[in-house]
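Inside the fold
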Amino acid sequence: MSTAVHTPPQFMPTESQLHMAYSVCRGITRTRAKNFYYGFLVFPKRKRQALCAVYAFMRRCDDIADDPSIASPERRQTLDLWVNAFHNAQAGFPTDDPILLALTDAQHRFHIPLGLLDALAFGTAMDAGEAPADSATEQPPPSGLHVQYRSFQDLERYCYHVASVVGLVCIRIFGYTDPAAEPLAERVGLAFQLTNIIRDVKEDAGLGRVYLPQEDIEQFGISPEDITTAPNPTRLRPLLELQAERDFENYRAVEKLIPLISEDSQPALWVLVTIYRSLLEKIVRLNYDVFSRRVSLTLREKITILGRGFVKRIA
């Protein structure tokens with residue numbers, strides 16, 4: 001006796017539905033991605049739309065992982081439901097969620113492996129109260145601070161899940177043929193994530209998280225509490241300088257990726273890399289004082305880089 005196989009209805013969104021969906025994703029990217037959005041502007045329209053869809057999906061995952069109104073164990077369940085909704089949309093079931101509409105279209109257009117999108121989503125669970133087994137401490141110290149990773153190698157593994165995977169997704173949209181592009185795309189994600197970690201030391205500590213490796217903290221005779229209790233930028237400078245030196249190595253490697261991707265994507269990737277590297281350079285110029293204020297590029301600085309990117313595009 002044969003068993004009937006139930007195939008999902010092949011939902012085909014209309015052109016106006018997709019236009020609306022991509023518009024929503026563009027709006028999310030414009031308001032939430034203070035650095036990425038400027039680089040996205042230099043991409044051809046179809047690639048820009050796809051990248052905005054990926055960013056909006058990733059942003060929703062991050063928001064679930066960081067939502068203080070959801071108890072820690074329930075965040076993973078909420079993330080599971082969100083990813084399952086994407087799987088259903090990708091399989092052809094109807095959805096009215098604009099992010100899922102746009103991402104499903106982008107995934108099909110650019111042949112993005114579903115496994116990479118799943119990895120991108122579940123990488124955020126590492127910040128949803130589910131510390132990996134190799135984290136520095138099994139229980140947070142009495143202060144409530146949790147040093148997430150014991151060694152820099154442990155931190156790199158975290159960065160792979162939350163950032164390098166993003167690079168592997170994005171180069172499918174950029175376009176490439178040389179397999180050497182893939183490990184370099186991983187370095188892009190690592191470079192950007194380390195820059196964010198250096199910039200956001202104070203903000204993350206306020207959430208009870210210290211991403212700087214425990215071994216490095218101990219090397220400079222610093223305690224996690226030194227980062228939150230009246231932090232002294234001069235005392236903490238060598239610790240942050242070490243991370244920056246590692247990060248500049250990533251940016252030097254990333255320069256090799258640009259000529260390996262499709263020509264129409266090269267100026268935009270140059271803009272993205274230049275914005276993030278300039279942010280790190282600005283932190284260095286400020287002697288690593290990321291405690292007095294949140295360091296960022298000014299609108300003028302970003303527009304200048306963006307203008308140079310458009311010149312490269314039409315050259």
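Please read these numbers as outputs of a predicted model, since none were measured by experiment.

1. Thoughts on the overall build of the chain
What the chain contains, in helices and strands, is 14 helices and two strands. Its C-alpha radius of gyration of 20 Å places the chain within 12% of the 20 Å reference for a compact globule of 315 residues. A burial count over the chain gives 50% of its 315 residues as buried. Looking at the chain alone, contacts between residues at least 24 apart form 71% of all its contacts between residues at least 6 apart. Between the centroid of the 35 positive side chains of the chain and the centroid of its 38 negative side chains there is a distance of 9 Å.

2. A word on unusual backbone geometry
In this model, H111 sits at a positive phi of 55°, which is unusual for a non-glycine residue. For H111, a relative accessible area of 65% translates into the label exposed. In the Ramachandran plot, N287 falls in the positive-phi region, its phi being about 55° despite a non-glycine side chain. Inspection of the secondary structure puts N287 in the loop between α13 (266-285) and α14 (299-314).

3. Some thoughts on the packing of aromatic side chains
One pass over the structure, following the stated rule, counts twelve aromatic pairs. Between F36 and Y276 the ring centres are 5.5 Å apart and the planes differ by 35°, which places this aromatic pair in the tilted class. In this pair, F36 is assigned in helix α2 (residues 36-40) and Y276 in helix α13, connecting sequence segments 240 residues apart. Assessed through its relative accessible area of 21%, F36 is described here as partly exposed. One aromatic cluster in this structure is built from F36, F40, F43, Y55, F174, F192, Y251 and Y276. The ring of W82 carries the charged tip of R60 above its face, separated from the ring centre by 4.3 Å. We note R246 situated over the ring of F152; from NZ or CZ to the ring centre the distance is 4.1 Å.

4. Digging into the side chain of D105
Mapped onto the secondary structure, D105 falls in helix α5 (residues 98-110). Excluding anything up to four places from it in sequence, D105 contacts L18 and Y22.

5. Brief notes about the packing of helix α3 (residues 45-66) against helix α7 (residues 152-174)
With their axes 9 Å apart at the nearest point, α3 and α7 run at an angle of 160° to one another. On the basis of the axis angle, α3 is roughly antiparallel to α7. α7 is crossed by α3, and the crossing has right-handed handedness. Within the contact between the two elements, α3 uses K47, A50, L51, V54 and M58 and α7 uses V166, V169, C170, I173 and F174. Its residues assigned to classes, the contact of α3 with α7 shows nine nonpolar, no polar and one charged.

6. Examining the pattern of salt bridges
Across all of its chains, the model carries 16 salt bridges by this definition. Residues R109 and D105 are paired through a salt bridge, measuring 2.6 Å at the closest nitrogen-oxygen approach. One end of the pair, R109, and the other, D105, are both in helix α5, four residues apart, so they sit about a helical turn from each other. According to the relative accessible area criterion, R109 is exposed, its value standing at 55%. Here R199 and D200 are joined by a salt bridge, their closest N and O atoms 2.8 Å apart. Each member of the pair, R199 as well as D200, carries the same accessibility label: buried.

7. As for the packing of helix α8 (residues 181-199) against α13
Where α8 contacts α13, the axes come no closer than 10 Å and their chain directions differ by 30°. The orientation of α8 relative to α13 falls into the category roughly parallel. The hand of the α8/α13 crossing is left-handed. The residues of α13 that touch α8, namely those facing F192, T195, N196, I198 and R199, are L272, V273, Y276, L279, L280 and I283. Per-class residue counts for the contact of α8 with α13 are eight nonpolar, two polar and one charged.

8. Some words on α8
The first and last C-alpha atoms of α8 sit 27 Å apart over 19 residues, in line with the 27 Å expected at 1.5 Å per residue. For α8, the buried fraction is high: 15 of the 19 residues fall into the buried class.

9. Points about the confidence of the model for the chain
Averaged over all residues, the pLDDT of the chain equals 88, while 90% of them reach at least 70. Of the regions scoring below 50 in pLDDT, residues 131-143 engages in 22 contacts with residues more than four places distant in sequence or in other chains.

10. Considering the state of the cysteines
All told, the structure shown has zero disulfides when counted by the stated rule. Free cysteine C52: the closest other cysteine sulfur is in C25, separated by 7.3 Å. Distance from the sulfur of C61, which forms no disulfide, to the nearest cysteine sulfur (C25) is 12 Å.

11. Thoughts on the environment of T31
Considering the arrangement of structural elements, one finds T31 in helix α1 (residues 15-32). The sequence separation of T31 and R109 amounts to 78 residues, and the corresponding C-alpha distance is 25 Å. Here the side chain of T31 touches G27 through a polar contact of 2.9 Å, landing on its backbone oxygen. There is a polar contact of 3.2 Å between the side chain of T31 and the backbone oxygen of I28.

Rules behind the numbers
- Counting restarts for each chain, with residues numbered from 1 along the sequence as it is written.
- Only residues with pLDDT of at least 70 get local features here, since the model is predicted, and only at 80 or more are side-chain atom pairs given and counted; chain-wide, interface and lining totals rely on the full set of residues.
- In computing side-chain values, all of the structure's heavy atoms are included and hydrogens and water are not.
- A helix here means a DSSP run of H or I that spans at least four residues, while a strand means a run of E at least two residues long, and both kinds are numbered starting from the N terminus.
- Values of the radius of gyration come from C-alpha atoms, whereas the globule rule sets the reference at 2.2 Å times the count of residues to the power 0.38.
- Exposure classes here rest on a 1.4 Å probe applied to the protein chains alone. A residue is buried below 20% of its type maximum, exposed above 50%, and partly exposed in between.
- Residues are treated as being in contact if the distance between any of their heavy atoms lies within 4.5 Å.
- A residue counts as positive if it is Lys or Arg and as negative if it is Asp or Glu; His and the chain ends are not included.
- A charged residue contributes its charge at one atom only: NZ of Lys, CZ of Arg, CG of Asp or CD of Glu.
- Only the six-membered ring of Trp is used, alongside the rings of Phe and Tyr, when aromatic pairs are assigned; centres must lie within 6.5 Å, and planes under 30 degrees apart are stacked while those over 60 apart are edge-to-face, with the rest tilted.
- The rule for a charge over a ring is simple: NZ of Lys or CZ of Arg within 6 Å of the ring centre, and within 35 degrees of the ring normal.
- To get an axis, a line is fitted to the C-alpha atoms, and for a helix only the part in contact is used. The angle between two axes follows their N-to-C directions and goes from 0 to 180 degrees.
- When an angle is under 35 degrees it counts as roughly parallel; over 145 it counts as roughly antiparallel; between 65 and 115 it counts as roughly perpendicular; any other value is oblique.
- By convention, the crossing between two helices is left-handed when the near helix turns anticlockwise from the far helix through less than a right angle, and right-handed when the turn is clockwise.
- Residue classes follow a fixed rule: Ala, Val, Leu, Ile, Met, Phe, Trp, Tyr, Cys and Pro count as nonpolar, while Asp, Glu, Lys and Arg count as charged, and any other residue, Gly among them, counts as polar.
- Should a side-chain nitrogen of Lys or Arg be within 4 Å of a carboxyl oxygen of Asp or Glu, the pair is scored as a salt bridge.
- One fewer than the residue count of a helix, multiplied by 1.5 Å, yields its expected span.
- Per-residue confidence from the predictor is given as pLDDT, running between 0 and 100.
- In what follows, a disulfide is any cysteine sulfur pair within 2.5 Å.
- Here a polar contact means two N or O atoms within 3.5 Å. Within protein one must be a hydrogen donor candidate and the other an acceptor candidate, and residues neighboring in sequence count only if both atoms are side-chain atoms.

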